Amino acid sequence: MTLDPTNIPKHVALIMDGNGRWAKERGLPRIRGHEVGVERLEDIMHAAGDIGVKILTFYAFSKENWKRPEAEVTFLMNLLSAYLDKKVADLNKNNVVFNTIGRIEDLPEMIQKKIAKAKKETAQNTGVIANYAFSYSSRLEITRACQEIARKALKGEIKPEDITEETVQNHLDTAGMPDPDLLIRTSGELRISNFLLWQISYSELYVTEKYWPDFTREEFLKGIQEYQKRERRFGLTEAVERRKS
Ligand code: IPE
Ligand code: IPE
Ligand code: MG
């Protein structure tokens, strides 16, 4: 597979969907799909590092996912806990920075501590930034940004007429990060499911029929190849010259 090294997306966001259906098709319990799904993460981080993608944002657990059957939620929390115990060493070995977005305070306290530890232990790395969305809701993220800006306005720290798009952007969980250039969703669903609504205004969308547990390095690279065929116009009449990173 040949890729144009001058046109690699800087930030790729991934909606990791289809674990349950993957398992069901094999006569396995849904949770087995989640287990196999976790194993795909490392390949994707490697592939990203190899081709020069700087940031990956993985939709791991939505705010809405809390409403799933208790046994599945518990399993997912245990899986996250085990991931944090076992995989942080690998992240370090691969020079990956571990980061999160979403309402981390909703997670069990023991996991919050492990997340803080993983962030601290990987903060000095200089490779791919792996951003995990846990208990994430884009509408809530925007709502909370509004609340924070309103608080500052009340205190007189900012005037309403000085609130710009940049102000809002800087109050999102992704503050300081460039918007995703590419959003990938696995399992064929044509929807966004409350993910990064603000940030994907001009992202290219790529939906593959593959379920997440089948989303290998090869499939990821196919998505990048497809991205490279797109003409990004940003509302103009022809493709703007690519911003050099
Ligand atoms: C994605 O797979 C993982 C999470 C949302 C946690 P699903 O569990 O949504 O799998 P499907 O969509 O039911 O197949
Ligand atoms: C989106 O998948 C959330 C994650 C991948 C974590 P869902 O399976 O929860 O989304 P819907 O229900 O199909 O929209
Ligand atoms: Mg799903």
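Look up a bit, the structure's there.
Conventions adopted
- Residues numbered from 1 in each chain as written.
- Chains lettered and ligands numbered in written order.
- Predicted model: local features only at pLDDT ≥ 70, side-chain atom pairs only at ≥ 80, totals over all residues.
- Heavy atoms only, no water.
- Salt bridge = Lys/Arg side-chain N within 4 Å of Asp/Glu carboxyl O.
- Helix = DSSP H or I, 4+ residues; strand = E, 2+ residues; numbered from the N terminus.
- Buried < 20%, exposed > 50% of the residue type's maximum accessible area, 1.4 Å probe, protein only.
- Pairing = 2+ DSSP bridges.
- Near = heavy atom within 4 Å.
- Polar contact = N/O pair within 3.5 Å; in protein donor to acceptor, adjacent residues only side chain to side chain.
- Areas by Shrake-Rupley, 256 points an atom, 1.4 Å probe, with all protein chains shown as cover.
- Nonpolar A, V, L, I, M, F, W, Y, C, P; charged D, E, K, R; others polar.

**Q** So, the pattern of salt bridges: which residues are in play, and what are the values?
**A** The final tally for this structure, using the stated rule, is 25 salt bridges. Glu226 is the salt-bridge partner of Lys229, the closest N and O atoms lying 3.8 Å from each other. Placement of both Lys229 and Glu226 in helix H7 (residues 217-229) is noted, with a separation of three residues, approximately one turn of the helix. Its relative accessible area of 65% is what places Lys229 among the exposed residues.

**Q** Report on the pairing of strand E6 (residues 204-207), specifying residues and quantitative values.
**A** By the alternation rule, side chains of E6 split into Glu204 and Tyr206, which are all buried, and Leu205 and Val207, of which none is buried. Where strand E5 (residues 182-185) and E6 come together, four bridges link them in parallel fashion. Counterpart to Leu183 in the pairing with E6 is Leu205.

**Q** Describe in detail the site of ligand 2, supporting the description with residues and values.
**A** Taken together, Ile15, Met16, Asp17, Tyr59, Ala60, Phe61, Asn65, Arg68, Arg185, Arg191 and Ser193 make up the full set of residues adjacent to ligand 2. Here an oxygen atom of ligand 2 sits 3.2 Å away from a polar atom, N or O, in the side chain of Asp17. Protein burial of ligand 2: of its 390 Å² of free accessible surface, 78% is covered by the chains. Grouping the amino acids of the shell around ligand 2 by side-chain chemistry returns five nonpolar, two polar and four charged.

So, to be careful, I would describe these as geometric facts and stop short of saying anything about function.
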